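Here is what each chain is made of, one letter per residue.
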Amino acid sequence: MERSASASVAHMAAESAVTESGQPVHSQGLATLHGLQFQCDGSLAGQVWGAGAALARHLLENGLPGHDPRSLVVVEVGSGTGVAGLAAALAGARRTVLTDMPDVVDSLQAQVRLNEELLGDAVVEAVGLEWGDAAAAEAACEDGCDLVLAADCLYSGDPAVHQALRETMVALAKVRDAPILHAYEERWQSIFELWRSGREAGGLRVVHETTLEPPPSIQGRRLVLEELCVSEDALFS
């Protein structure tokens, strides 16, 4: 399915609210986290947010799942500045695909170039992927991937946006039955409860949930890391 016009309007409306009430780790200029650099422009996709920074730290401190991270293909959904995906590349992933709306791809490619020296031989690319677009999900990683990452994707209160995000996670993960690491800040109760209430029906099962250590700029709100897998019904549908 393609994102509806109402969902896109809700997404744009949320951008202003998030900028006002959220607490980004870095919003303008050059940010350095975990050795990686990010050029921030203050837009919703152009800031480093708390759950992304915390997930990046988690990946670098705990490593990627699997016996040999150097064999892993990783896809990040809703990459923004690409903080989690670039951390996966730095942690040793064989190939990392950063995805976001098509108009964010040029910015993502610039973030990759900014970190080329640090990443060395790691293969990192950026492609457009609108949530709910099954063809775009297939094109982003034709042979599937070994790990799906998502961070700071829960901004909209529109159920259609949540459904589109779930569909994209399922489409990417089901080819190889890959785990999904989804990090989010408990910013708006109605929105994160909407996400939780729709996971199972949307083809996702919670394997494990934990709390991430927040960056200093995030105060008073929990950062959640949920490990998801594609449910058996969705896996064989």
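It should be emphasised that the depicted structure is a prediction, and the values quoted were computed from it without experimental measurement.

*Asks:* Mind showing me how you'd approach the packing of helix α7 (residues 159-173) against helix α8 (residues 189-198) here?
*Replies:* In the contact formed by α7 and α8, the axes pass within 10 Å of each other and the chain directions differ by 50°. On the basis of their axis angle, the class for α7 and α8 is oblique. Like other packed secondary-structure pairs, α7 and α8 cross with a definite hand, here right-handed. Between α7 and α8, the residues in contact are Pro-159, His-162, Leu-165, Arg-166 and Met-169 and Ile-191, Leu-194, Trp-195 and Gly-198, respectively.

*Asks:* What am I meant to see in the packing of helix α2 (residues 50-62) against helix α3 (residues 83-90) here?
*Replies:* Packed helices, taken two at a time, are described by the angle between their axes plus the distance between the axes. α3 packs onto α2 with a crossing angle of 10° between their chain directions and a minimal axis gap of 8 Å. By the angle between their axes, α2 is roughly parallel relative to α3. Along its contact with α2, which presents Gly-52, Ala-53, Leu-55, Ala-56, Leu-59 and Leu-60, the element α3 presents Val-83, Ala-84, Ala-87, Ala-88 and Leu-90. Here the contact of α2 with α3 is built from residues that sort into 10 nonpolar, one polar and no charged.

*Asks:* I keep staring at the packing of aromatic side chains and nothing clicks. Help me out?
*Replies:* Pairs of aromatic rings are described using the distance from one ring centre to the other and the angle between the two planes. Counted by the stated rule, this structure contains one aromatic pair. Sitting over the ring of Trp-188, Arg-187 keeps its end group 5.5 Å from the ring centre.

*Asks:* Before we go on, may I ask you to explain α7 in this structure?
*Replies:* Since the α-helix turns once every 3.6 residues, residues separated by three or four places project in the same direction. In this model, α7 (15 residues) spans 21 Å end to end at C-alpha, consistent with the 21 Å of a helix rising 1.5 Å per residue. When α7 is considered as a whole, its buried residues turn out to be Val-161, His-162, Ala-164, Leu-165, Arg-166, Thr-168, Met-169, Val-170, Leu-172 and Ala-173. Its side-chain oxygen 2.8 Å from the backbone nitrogen of Ala-160, Asp-158 forms the N-cap of α7.

*Asks:* What's the story with α8 in this structure? I'm lost.
*Replies:* Turning to α8, its buried residues number three or more, namely Ile-191, Phe-192, Trp-195 and Gly-198. Take α8 and look down its axis: the buried residues cluster within an arc of 135°, on one side only. Across α8 from its buried face, at more than 90 degrees, point the exposed residues Gln-189, Ser-190 and Ser-197.

*Asks:* Hey, could you run me through the side chain of Gln-111 in this one?
*Replies:* By secondary structure assignment, the location of Gln-111 is in helix α4 (residues 105-114). Those residues within four positions of Gln-111 in sequence are excluded, and the remaining contacts are Gln-37, Phe-38, Gln-39, Thr-81 and Leu-86.

*Asks:* Which parts of the structure should I look at to understand the pairing of strand β9 (residues 223-230)?
*Replies:* On a regular strand, one side chain projects to one face of the sheet and the next to the other, so that they alternate. Most of β9 sits out of view: seven of its eight residues are buried. As paired elements, strand β7 (residues 180-185) and β9 share six bridges and run antiparallel to each other. The partner of Ala-183 across the bridge, within β9, is Leu-225. Both strand β8 (residues 204-211) and β9 contribute to a ladder of seven bridges, which runs antiparallel. Looking at the pairing, Glu-209 lines up with Glu-226 of β9.

How each quantity is defined
- Residues numbered from 1 in each chain as written.
- Predicted model: local features only at pLDDT ≥ 70, side-chain atom pairs only at ≥ 80, totals over all residues.
- Heavy atoms only, no water.
- Axes fitted to C-alpha atoms, helices over the stretch in contact; angles between N-to-C directions.
- Helix = DSSP H or I, 4+ residues; strand = E, 2+ residues; numbered from the N terminus.
- Parallel < 35°, antiparallel > 145°, perpendicular 65-115°, else oblique.
- Left-handed = near helix turned anticlockwise from the far one by under 90°.
- Contact = heavy atoms within 4.5 Å.
- Nonpolar A, V, L, I, M, F, W, Y, C, P; charged D, E, K, R; others polar.
- Phe/Tyr/Trp six-rings, centres within 6.5 Å; stacked < 30°, edge-to-face > 60°.
- Lys NZ or Arg CZ within 6 Å of the ring centre and 35° of its normal.
- Expected span 1.5 Å × (residues − 1).
- Buried < 20%, exposed > 50% of the residue type's maximum accessible area, 1.4 Å probe, protein only.
- Polar contact = N/O pair within 3.5 Å; in protein donor to acceptor, adjacent residues only side chain to side chain.
- Arc of directions from axis to C-beta.
- Pairing = 2+ DSSP bridges.

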